[in-house]
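# Fold and contact review
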Amino acid sequence: AERACAELTADPEYHGDVRLLRLWVCHAEQAKRPQRVLRDLESRGVGIMHALLYEAWAISLERQHIFDEAEAVYQIGLVRRAEPVERLQGRREAFQDRMQRREAKKRRAPDGEREDSNVSGMITAEIAAEKYNAMPQAPSPSRPPSRPP
């Protein structure tokens with residue numbers, strides 16, 4: 001997968017293709033520090049008009065507890081009006097809600113206690129749903145496939 005990503009990325013014609021971005025996001029998810037892979041994509045101009053880049057990048061930062069950078073990544077995507085903007089805005093709002101809950105929990109917790117975060121599971125499910133929804137769908141079983149005349 002990495003070789004295919006690298007070869008396609010070498011051709012600037014594919015930089016705006018969301019399919020290439022999806023390949024890179026899958027590859028980045030396997031990396032120890034996916035935010036490095038995603039930051040490199042952004043610096044090369046790959047997928048910069050797609051919300052998926054900023055969502056995956058911010059999520060990887062959030063998992064590493066680098067919250068200020070995660071917020072900044074959402075902001076970059078919104079300033080660039082990465083599509084779909086509404087979904088990116090919704091993910092940013094969900095992130096901000098998690099940060100508010102986290103701060104409230106920290107204020108209530110006795111000193112020294114750390115919060116267990118369920119962010120990874122929530123976000124992985126959201127990205128999996130996004131990838132599934134982006135996949136070509138098979139014909140419905142209630143409708144037989146159309147036959148050529």
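Our structure's up above, just so we're on the same page.
Residues numbered from 1 in each chain as written. Predicted model: local features only at pLDDT ≥ 70, side-chain atom pairs only at ≥ 80, totals over all residues. Heavy atoms only, no water.

## Considering the nonpolar core
Using the following cut-off: Among buried residues, the Ala, Val, Leu, Ile, Met, Phe, Trp, Tyr and Cys ones that are joined through side-chain atoms within 4.5 Å form a nonpolar core. Summary of the burial criterion: residues with accessible area below 20% of their type's maximum are buried, those above 50% are exposed, and those between are partly exposed, where the area comes from a 1.4 Å probe applied to protein chains only. Helix and strand labels come from DSSP, where a helix needs a run of H or I of at least four residues and a strand needs a run of E of at least two; each type is numbered from the N terminus. Contacts were defined at the residue level, with two residues in contact if any of their heavy atoms lie within 4.5 Å.
W24, L38, L41, Y54 and L88 are the most contacted members of the largest nonpolar core, which has 29 residues in total. At the level of secondary structure, the elements contributing two or more residues to this core comprise α2 (18–29), α3 (34–44), α4 (51–63), α5 (67–79) and α6 (85–108). Per-element accounting of this core gives the leading share, 9 residues, to α4. Excluding its chain neighbours within four sequence positions, the residues that come into contact with Y54 are I48, V73, I76, G77, R80, A82 and L88.

## Considerations on a positive patch on the surface
Stated formally: Each patch is built from salt-bridge-free residues with over 30% relative accessible area, joining like charges within 9 Å and nonpolar side chains (Val, Leu, Ile, Met, Phe, Trp, Tyr) within 5 Å. Surface accessibility in these figures is a Shrake-Rupley result with a 1.4 Å probe; residues are shielded only by whichever protein chains are displayed. The salt bridge definition used is simple: a Lys or Arg side-chain nitrogen within 4 Å of an Asp or Glu carboxyl oxygen. Positive charges come from Lys and Arg alone, negative charges from Asp and Glu alone, with His and the N- and C-terminal ends not counted. Throughout, a charge is located at the NZ atom of Lys, the CZ atom of Arg, the CG atom of Asp or the CD atom of Glu.
Together, K32, R33, R36 and R39 make up a positively charged patch on the protein surface. Examined against the element boundaries, R39 turns out to sit in helix α3. With relative accessibility at 40%, the residue R39 sits in the partly exposed group.

## Notes on the packing of α2 against α3
For the record, the criterion: Between N-to-C directions, angles span 0 to 180 degrees; the directions come from axes that are lines fitted to C-alpha atoms, helices contributing only their stretch in contact. If an angle is under 35 degrees, it is roughly parallel; if it is over 145, roughly antiparallel; if it lies from 65 to 115, roughly perpendicular; otherwise it is oblique. If you view the pair so one helix is near and one far, a crossing is left-handed when the near helix is turned anticlockwise from the far one by less than a right angle, and right-handed when it is turned clockwise. Classification convention: Asp, Glu, Lys, Arg as charged; Ala, Val, Leu, Ile, Met, Phe, Trp, Tyr, Cys, Pro as nonpolar; all other residues, Gly among them, as polar.
Remark: α2 packs on α3, axes separated minimally by 8 Å, with the N-to-C direction vectors making an angle of 155 degrees. Between α2 and α3, the angle is such that the two are roughly antiparallel. Crossing geometry of α2 relative to α3 is assigned as right-handed. Judged by residue contacts, L21, W24, V25, H27, A28 and E29 of α2 engage P34, V37, L38 and L41 from α3. A class-by-class count of the residues in the contact of α2 with α3 yields 8 nonpolar, 1 polar and 1 charged.

## Thoughts on the environment of L8
Take L8: it is sitting in helix α1 (residues 2–9). Take L8: its relative accessible area is 30%, and that puts it in the partly exposed class. Residues L8 and L20 lie 12 residues apart in sequence; the distance between their C-alpha atoms is 7.3 Å.

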